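Summary of structural features
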Amino acid sequence: MNGSRPWWQSAVIYQIYPRSFQDTNDDGIGDLNGITQRLPDLIDLGVDAIWISPIFRSPMKDFGYDISDYVDVDPIFGTMADFERLIAEAHARGIKVILDFVPNHSSDQHAWFLESRASRTSAKRDWYIWRDPAPGGGPPNNWLSEFGGSAWEFDAATGQYYYHAFLNSQPDLNWRNPEVVAAMRDVLRFWMRKGIDGFRVDVIWHLIKDRQFRDNPPNPNYHAGRPPNEALIPLYTTDLPEVHDVIGTLRRTVDEFPDRLLIGEIYLPVERLVAYYGRDLGGVHLPFNFALLSARWDAKHLQALITEYEGALPKGGWPNWVLGNHDRPRIAGRVGQRQAAVAAMLLLTLRGTPTIYNGDELGMPQVDIPRHRVRDPFERNVPGIGVGRDGCRTPMQWDSSRNAGFSRVDPWLPLADDWRSNNVANLREDALSILNLYRRLLRVRKERPALSLGSYRPYVVDEDLLAYYRELNDSRLLIVLNLTDGPQALKLEEGAHARILVSTEAKRDGDLVKGTVTLAGDEGLVIDMASR
Ligand code: GLC
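Scoring rules and cut-offs
- Residues numbered from 1 in each chain as written.
- Predicted model: local features only at pLDDT ≥ 70, side-chain atom pairs only at ≥ 80, totals over all residues.
- Heavy atoms only, no water.
- Helix = DSSP H or I, 4+ residues; strand = E, 2+ residues; numbered from the N terminus.
- Rg over C-alpha atoms; globule rule 2.2 N^0.38 Å.
- Buried < 20%, exposed > 50% of the residue type's maximum accessible area, 1.4 Å probe, protein only.
- Areas by Shrake-Rupley, 256 points an atom, 1.4 Å probe, with all protein chains shown as cover.
- Lys, Arg positive; Asp, Glu negative; His and termini not counted.
- Charge placed at Lys NZ, Arg CZ, Asp CG, Glu CD.
- Pairing = 2+ DSSP bridges.
- Near = heavy atom within 4 Å.
- Polar contact = N/O pair within 3.5 Å; in protein donor to acceptor, adjacent residues only side chain to side chain.
- Nonpolar A, V, L, I, M, F, W, Y, C, P; charged D, E, K, R; others polar.
- Salt bridge = Lys/Arg side-chain N within 4 Å of Asp/Glu carboxyl O.
- Contact = heavy atoms within 4.5 Å.
- Domains from an automatic or database assignment.
- Expected span 1.5 Å × (residues − 1).
- Core = buried A, V, L, I, M, F, W, Y, C linked by side-chain atoms within 4.5 Å.

1. Comments concerning the overall build of the chain
A tally of helices and strands in the chain yields 14 helices and 21 strands. The C-alpha radius of gyration computed for the chain amounts to 24 Å, which stays within 12% of the reference 24 Å derived for 532 residues, consistent with globular compactness. When the backbone C-alpha atoms are referred to their principal axes, the chain occupies close to 75 × 50 × 45 Å. Each of the 532 residues in the chain was classed as buried or not, and the buried ones make up 60%. Carbon and sulfur atoms make up 50% of the accessible area of the chain, which amounts to about 20,300 Å² in all. When the 61 positive and 71 negative side-chain charges of the chain are each reduced to one mean point, those points stand 3 Å apart.

2. Some remarks on the sheet that holds strand 5 (residues 96-101)
Ordered in space as 11-10-9-5-2-1-13-12, the eight strands form an open sheet in which the pairing is parallel. Bordering the open sheet on either side are strand 11 (286-287) and strand 12 (320-322), each of which pairs with just one other strand.

3. Side note on the site of the ligand
Taken together, 14 residues surround the ligand, and among them Asp62, His105, Asp202, Glu265 and Asp327 come closest. Within the side chain of arginine 200, an N or O atom sits 3.0 Å from an oxygen atom of the ligand. In the model, an oxygen atom of the ligand is placed 2.9 Å from a nitrogen or oxygen of the aspartate 202 side chain. Across the shell around the ligand, the residue classes break down as four nonpolar, three polar and seven charged.

4. Section: the side chain of aspartate 23
Tracing the backbone shows aspartate 23 in the loop between strand 1 (13-16) and helix 1 (32-37). Within the buried set, aspartate 23 has no salt-bridge partner at all; the shortest N-O distance to an opposite charge, 6.7 Å, is to arginine 408. A distance of 2.7 Å separates a polar atom in the side chain of aspartate 23 from a polar atom in the side chain of serine 407. Among all residues touching aspartate 23, those that are not within four sequence positions of it are Gly28, Ile29, Gly30, Asp31, Phe406, Ser407 and Val409.

5. Brief notes about the domain arrangement of the chain
Here the chain is described as being made up of domain 1 (7-106 + 177-441), domain 2 (111-163) and domain 3 (455-528). On a C-alpha basis, the centres of domain 1 and domain 2 stand 29 Å from each other. Counting residues at the interface gives 25 residues for domain 1 and 19 residues for domain 2. For the pair domain 1 and domain 2, the interface holds zero salt bridges. Counting the contacts that link domain 1 with domain 2 gives eight residue pairs in polar contact (both at pLDDT 80 or more). If you list the elements that add at least two residues to the side of domain 1 that touches domain 2, you get helix 5 (178-193) and helix 11 (377-381). Of all the elements, helix 5 adds the most residues to the side of domain 1 that touches domain 2, at four residues. Its residues assigned to classes, the side of domain 1 that touches domain 2 comprises ten nonpolar, eight polar and seven charged.

6. So, helix 13 (residues 434-447)
Counted at 1.5 Å a residue, the expected span for helix 13 with its 14 residues is 20 Å, and the 20 Å between its end C-alpha atoms agrees. The buried count for helix 13 comes to eleven of 14 residues, which makes it a mostly enclosed element. Buried within helix 13 we find Ile434, Leu435, Asn436, Leu437, Tyr438, Arg439, Arg440, Leu441, Leu442, Val444 and Arg445.

7. Section: the nonpolar core
Membership of the largest hydrophobic core comes to 149 residues, with the highest contact counts inside it found for Tyr14, Phe83, Trp175, Trp191, Phe199 and Leu346. Examining the composition of this core, we find that nine residues originate from one element, helix 10 (residues 337-349), more than from any other. Tryptophan 191 has contacts with Phe56, Tyr70, Val71, Asp72, Val73, Met80, Phe83, Leu99, Ile196 and Phe199, leaving out every residue within four places of it along the chain. Leu490, Val513, Val517 and Leu519 belong to the second-largest nonpolar core, a separate cluster that totals 16 residues.

8. Points about the pattern of salt bridges
The final tally for this structure, using the stated rule, is 40 salt bridges. Salt-bridge contacts for arginine 428 lead to aspartate 44; the nearest nitrogen and oxygen are separated by 2.7 Å. Of the two residues, arginine 428 sits in helix 12 (residues 424-429) while aspartate 44 sits in helix 2 (residues 39-45), which places them 384 residues apart along the sequence. With a relative accessible area of 30%, arginine 428 lands in the partly exposed category. Given a relative accessible area of 31%, aspartate 44 falls into the partly exposed group. In this structure, the salt-bridge partner of arginine 338 is aspartate 522, at a minimum N-O distance of 3.0 Å. Highlighted residues: arginine 338 in helix 10 and aspartate 522 in the loop between strand 20 (516-519) and strand 21 (524-528), separated in sequence by 184 residues.

See the structure below:
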């Protein structure tokens, strides 16, 4: 596609949360046929690849992140034949398909765990992490679950505890056991043989735990209102040096097939994150960069964060950016509807592979979920401090028909209040809508390789405006983002002949600019600086 560059460097990834995308079998939950049916919408949007959150067989305690069979499709989502049809139809349209791989833990209903749990001498006992009680009784150490409480669950029948970093129905697999590694490599091969183009690997920095099971140290910065597991620093439970050996093995497995992509889900500070590219870049291709998910929304801070990330990248490490996902509050909820358009322009003009979270292209809001409708196990275990993830997982808003065209029956989560006006069908008709902004930006990205592959160079930055160049050969684009709701002006380079390629306001596309460019409040511009 781009000479010798791998496809994913110039691609835009679109994350689908399948339960909330499109229901076709009237159970209020999205399914694989729904994704297939919506492929034309994704073509119209202009994305290159879809990453689908887990669709494997699961008791759905953590909505698919608790897998009971890694090589089968859950009936809620459809059949293996539906899945094969989805890949075929996506590929026929030039869309790549990335699956979610959840290797850190399985469901407690997985046959491996049932066998492991059956007795201390079971052949699969060591596939999971079992420990005797502490000498005086109680859990083996102080490790805490991400979803509240101890990370150890007592199994009365065999008198030992098993470790679970998340729910007690999500026991952690023992990645120090070569049989586990071999079994999981076969899972990857199984899906690659079906034609899958890559994997997003769930909580990859969790895979290896301390061999000596030492207590995690207290976190001096912990304060009330934060999730209880943050009371400890996860020194002995995450980001251990040996995790990179495991990831190297996963990468070699993926490399057995041509052109496959490996993405890692990693919540770590930048300097730790970039280690996941691996020595000699033999780690994941893209360690997800979540810096924007929690960034303070001012120009200076964003500029600093971009510079820090660019500076930390290892030689040959390809950058990537994420603005939203199924675990974090919606961008429109964080920065407001109007800044969500500016955020879209930022996501799609920074250097590196962007991932769009489904619904963000509509500016979908963060939805307040009434207590009786809460489904997220995290919120149920740790209520009242705002950790709930249902609010960013509400159904896609397709049109103004019943249930926003998502389902003919009541959906599993409530719709956002704005669905009657704020939906794909309506926004598609409105030239100024955020959906059409996404479409225009994605089209310009295709026409102007400088946006996907060009270099990044900061222009100026003050509190209010963020401006940077993207340059490739003789193509030079200037991106100017107004982070405030009032007008702002920016002086262009002396003698520049410039033309607006994309404005968040649309009306200005194609306008010539000279000398000083003025931006309306909440406006962003992509300016072609080489235009005459
Ligand atoms: C990842 C997933 C999240 C899930 C957790 C446990 O963070 O994104 O949704 O709950 O892993 O699997």
